[in-house]
Structures are given as structure tokens and as C-alpha cells.
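Notes for the structure review
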Amino acid sequence: MTITETAPNRHGYRTFSIGEFTFQRDEYFVTIEWPTGTHQMAIDVFLRALQRDVAWGFFYGIVNFDSVFGTMNHYGTVDMFAGRFNDAYRRAEVDHNETFSHDDLMECFVAMLKDWTNDGYDPFAAPQETGQPFGPASGDNDAAVTRRRVVATRMVSVPDDEPIRTDESGFPINRHFLDVPQDEPDIHAEPGYESEVCAYNLYAYISRSDVTWNPSVVSACKESLYCPTSEEFILPVIHGNDRVEWFVQLSDEIQWDIEDRDSGSKRARVICKAGDVAAMPADIRHQGYSPKRSMLLVWENASNRIPEMIAAGQASVRAVDF
Ligand SMILES: [Fe+2]
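Residues numbered from 1 in each chain as written. Predicted model: local features only at pLDDT ≥ 70, side-chain atom pairs only at ≥ 80, totals over all residues. Heavy atoms only, no water.

1. What about the overall build of the protein chain?
Scanning the protein chain from N- to C-terminus turns up six helices and 17 strands. Relative to a compact globule of 322 residues, whose C-alpha radius of gyration would be 20 Å, the protein chain shows 20 Å and is just as compact. Expressed along its principal axes, the backbone C-alpha trace of the protein chain runs to roughly 65 × 50 × 35 Å. Across the 322 residues in the protein chain, those meeting the buried criterion constitute 48%. A separation of at least 24 residues holds for 60% of the contacts in the protein chain among residues at least 6 apart in sequence. Accessible surface computed for the protein chain: about 15000 Å², of which carbon and sulfur atoms make up 52%. Distance between charge centres in the protein chain, computed from 28 positive and 51 negative side chains, equals 4 Å. (Helix = DSSP H or I, 4+ residues; strand = E, 2+ residues; numbered from the N terminus. Rg over C-alpha atoms; globule rule 2.2 N^0.38 Å. Buried < 20%, exposed > 50% of the residue type's maximum accessible area, 1.4 Å probe, protein only. Contact = heavy atoms within 4.5 Å. Areas by Shrake-Rupley, 256 points an atom, 1.4 Å probe, with all protein chains shown as cover. Lys, Arg positive; Asp, Glu negative; His and termini not counted. Charge placed at Lys NZ, Arg CZ, Asp CG, Glu CD.)

2. Thoughts on the pairing of strand β4 (residues 29–34)
Bridging between strand β3 (residues 21–25) and β4 involves four bridges; their strand directions are antiparallel. Its bridge partner lying in β4, F23 is registered against I32. In this structure, the hairpin formed by β3 and β4 is closed by a connection of three residues. Hairpin connection between β4 and strand β5 (residues 37–42): a loop of two residues separates the two successive antiparallel strands. (Pairing = 2+ DSSP bridges.)

3. Here we look at helix α1 (residues 43–55)
Note that an α-helix has 3.6 residues per turn; residues three or four places apart therefore point the same way. If you check α1, its first and last C-alpha atoms are 18 Å apart, about what 13 residues at 1.5 Å a residue would give, namely 18 Å. Counting buried residues in α1 gives 11 out of 13 residues, a clear majority hidden from the surface. Those residues of α1 that sit buried are I43, D44, F46, L47, R48, A49, L50, Q51, R52, D53 and V54. Two residues or fewer after α1 comes G57, characterised by a positive phi angle close to 60°. (Expected span 1.5 Å × (residues − 1).)

4. Re unusual backbone geometry
Of note in the backbone geometry, S157 takes a positive phi value of approximately 90° without being a glycine. The residue S157 is located in the loop between α4 (142–145) and α5 (202–207) in this model. Even without glycine at this site, W213 takes up a positive phi of about 50°. Secondary-structure assignment places W213 in the loop between α5 and β10 (219–221). Residue W213 is classed as buried on the basis of its relative accessible area, which comes to 2%.

5. Some words on the packing of aromatic side chains
Going through the model one piece at a time under the given rule, you end up with 22 aromatic pairs. When the centroid spacing of 5.4 Å and the interplanar angle of 45° are considered together, the rings of F46 and F65 count as tilted. A residue pair is termed long-range when its members are at least 10 positions apart, and F46 in helix α1 and F65 in the loop between β6 (62–64) and β7 (69–73) qualify at 19 residues. Comparing F46 with F65 shows no difference in burial state: the two are buried. Taken together through their ring pairs, the aromatic side chains of F16, F21, F23, F46, F58, F65, F69, F109 and W116 make up a single cluster. Sitting over the ring of Y13, R25 keeps its end group 4.0 Å from the ring centre. Above the ring of F171, the side-chain terminus of R165 is found at 5.5 Å from the ring centroid. (Phe/Tyr/Trp six-rings, centres within 6.5 Å; stacked < 30°, edge-to-face > 60°. Lys NZ or Arg CZ within 6 Å of the ring centre and 35° of its normal.)

6. What to know about the coordination of the iron ion
Here the iron ion is held by the protein donor atoms H239 (ND1), N241 (OD1), E245 (OE) and H286 (NE2), which lie 1.9 to 2.3 Å from it. In this structure, the iron ion is surrounded by four donor atoms whose angles at the metal cover 85 to 140°, and the resulting shape is irregular. The sequence motif formed by the donor residues of the iron ion is H-x1-N-x3-E-x40-H. Taken individually, H239 and E245 each receive the classification buried, so the pair is uniform in this respect. (Donors = N, O, S within 2.8 Å, 3.2 Å for Na, K, Ca; no water. Tetrahedral: all angles 85-135°; square planar, octahedral: opposite > 155°, others 65-115°.)

7. What about the sheet that holds β5?
Remark on secondary structure: sheet strands pair via backbone hydrogen bonds, oriented parallel or antiparallel. In space, the five strands of this open sheet follow the order β1-β2-β3-β4-β5, with antiparallel pairing throughout. Only two strands of the sheet have a single partner each, and these edge strands are β1 (3–5) and β5. Across this sheet, the average inter-strand angle for adjacent strands is 15°, counted without regard to direction. In this structure, strand β2 (residues 16–18) lies alongside β3, joined through three bridges in antiparallel fashion. Paired with F16 across the bridge in β3 is F23. The sheet contacts of helix α3 (residues 102–116) involve β1, β2, β3 and β4, and relative to β2 the element is tilted by about 170°. (Axes fitted to C-alpha atoms, helices over the stretch in contact; angles between N-to-C directions.)

Written out as C-alpha cells, the structure reads:
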């Protein structure tokens with residue numbers, strides 16, 4: 001697969017092509033071209049979505065950047081599409097889909113994210129906590145766009161696994177979570193079990209997250225992953241599920257728009273307040289709005305067999321049938 005990068009355009013940004021898709025940016029927008037159409041997105045919206053798609057390795061199921069453009073993960077290969085999950089584009093037959101190897105598409109996305117992110121702009125940060133992405137090319141922010149994602153093997157705080165967050169390790173308490181207690185649990189392990197009996201303060205851990213809408217894997221029990229995240233402003237992607245996904249609202253409030261995964265027609269609006277639990281079905285897509293920074297626990301089953309099991313009728317698209 002050939003990935004083409006041009007010399008910088010008059011705004012200082014390279015143009016990237018992979019397959020039959022071409023991406024170019026100017027001071028305010030990205031323009032995406034494919035053989036049967038073109039599409040524009042505001043560059044801040046595009047970079048925030050691109051950052052998540054890169055950091056999450058294309059995530060579970062579908063990452064819609066908006067109602068037209070996105071990627072669908074097949075865990076080894078990835079579809080990149082325009083208009084595929086949009087009824088109007090499909091009826092007009094201007095939709096387009098191409099399949100790439102995971103590594104080729106990732107290489108293209110990483111290069112684009114690096115070239116198009118300017119000094120002082122962090123696509124992972126809440127809008128009030130970072131600079132502007134607009135204007136001509138100006139420096140870079142590689143430290144932000146190559147940030148390492150937290151993926152615990154067993155659990156945060158376990159010896160040789162992900163450490164807890166502290167002021168000293170560069171994770172101060174976020175401005176919206178200054179009231180969150182920071183005490184850590186007392187652990188009294190029998191001698192020899194110090195690496196087996198572990199505990200930490202999850203609320204304190206999330207209160208020190210420096211990013212938004214970025215689930216961290218903080219514990220793993222076989223395929224069961226706890227992925228808490230701090231949320232503020234808008235989920236930068238419209239996530240199309242390929243499995244049931246549990247949301248436990250740990251603090252504050254998130255408003256969710258739920259649509260049919262394939263057509264985009266509206267299905268529900270869900271207001272999750274602290275303590276609420278929702279099981280998002282496997283046939284929807286969703287976007288969340290968090291008016292102030294909030295804490296969300298996303299609980300995922302990571303088994304790559306689930307999409308096949310749903311397709312074969314061996315697993316339901318719902319967590320519970322009443
Ligand atoms: Fe989701």
C-alpha cells in the first residue's frame with residue numbers, strides 16, 4: 001500500500017493520500033476526497049477524532065469522525081469509509097469504502113496527526129485546557145500526540161504494572177476535581193502476598209487524568225476490562241458499537257445521543273447522572289456531552305469473537321432481554 005505525502009502546501013501542511021482517499025488541511029478545515037465525493041470537517045473536530053483513532057488502535061467497531069467519515073475495525077484490517085453509514089450518501093451512491101491493513105492505515109494517520117498538530121494544541125485536552133488548532137503550520141506537539149495509553153496487565157498499583165498518578169509523576173488534580181479525596185487505602189498483606197493483595201483510590205486516579213474521552217485500561221480479568229475515563233465537552237467520535245458496552249457514571253453527568261448504528265436515525269437520548277448504569281447495545285452508535293468534567297467507567301469485554309458471535313446469532317446485541 002502506497003502512502004503519499006506531498007511537500008507542504010501554502011499553509012505549511014502536507015497532503016496525505018492512501019488508497020483512493022486524499023486528505024488536505026488548510027487553516028480551518030480538512031478536506032477529504034474520494035472518487036465519488038468530497039467532505040469537509042472543522043480541523044479541531046477532525047484532529048480530536050484522529051487522535052482517539054490513533055491512540056486506541058481503531059478501537060472496537062466503528063469510529064465515526066462525524067456522520068460521513070470514519071473507520072471500522074476488523075482487528076487486523078481496517079475499513080476506511082465515506083458515507084457508508086449514512087442513508088442519504090448510500091441512496092445517492094456516492095459512498096465509498098476501502099480496506100487497509102491495520103499497520104498501513106495507522107502509519108498514514110500517525111503521520112497526518114503529527115504534521116497537522118501545531119505547537120500548543122493538544123487534541124486530547126478539554127477545549128478550555130489547550131490552545132487553538134487553527135491557522136498556518138506552526139511547530140508541533142509530538143509529546144501530546146504520542147502520549148502513551150494506560151493499559152494495565154493486571155491492575156493499576158500492582159508491582160511492575162501501571163503506577164498510580166501523583167503530583168510528582170506529573171499528574172496534578174484537575175481543576176474540576178479539587179474536592180475529590182486523595183487518601184489511598186491501607187493494605188495489610190500477609191508476607192509473600194504483597195504483589196497479590198493490592199488496592200488504590202480509583203476516584204483519585206481519575207481526578208488526575210490530563211486527558212478527556214480516553215479510556216484507560218486500569219484492570220484486566222481475562223477479557224473483562226475496566227476502562228475509566230474523565231470526560232469534558234463532547235466525545236470527539238460517534239462510536240459505533242460491535243458489542244455491548246457498559247457505562248457506569250461515577251460522578252457528575254453525561255448526556256448521550258443514541259442513533260441506529262447503520263442508518264444514523266435517532267434512537268434515544270440518555271441522561272446519565274452519578275450512580276447511573278447503562279448497557280449500550282451492540283447495534284447503536286453514541287456520542288456523549290459532558291457539561292463539566294465527569295468520571296465515567298467504561299466496562300468492555302475485549303474478546304474479538306463477539307462480533308462473529310453476534311453475526312451468527314450466538315450472542316445478543318443487548319445485555320438483558322426483559
Ligand atoms: Fe461505544
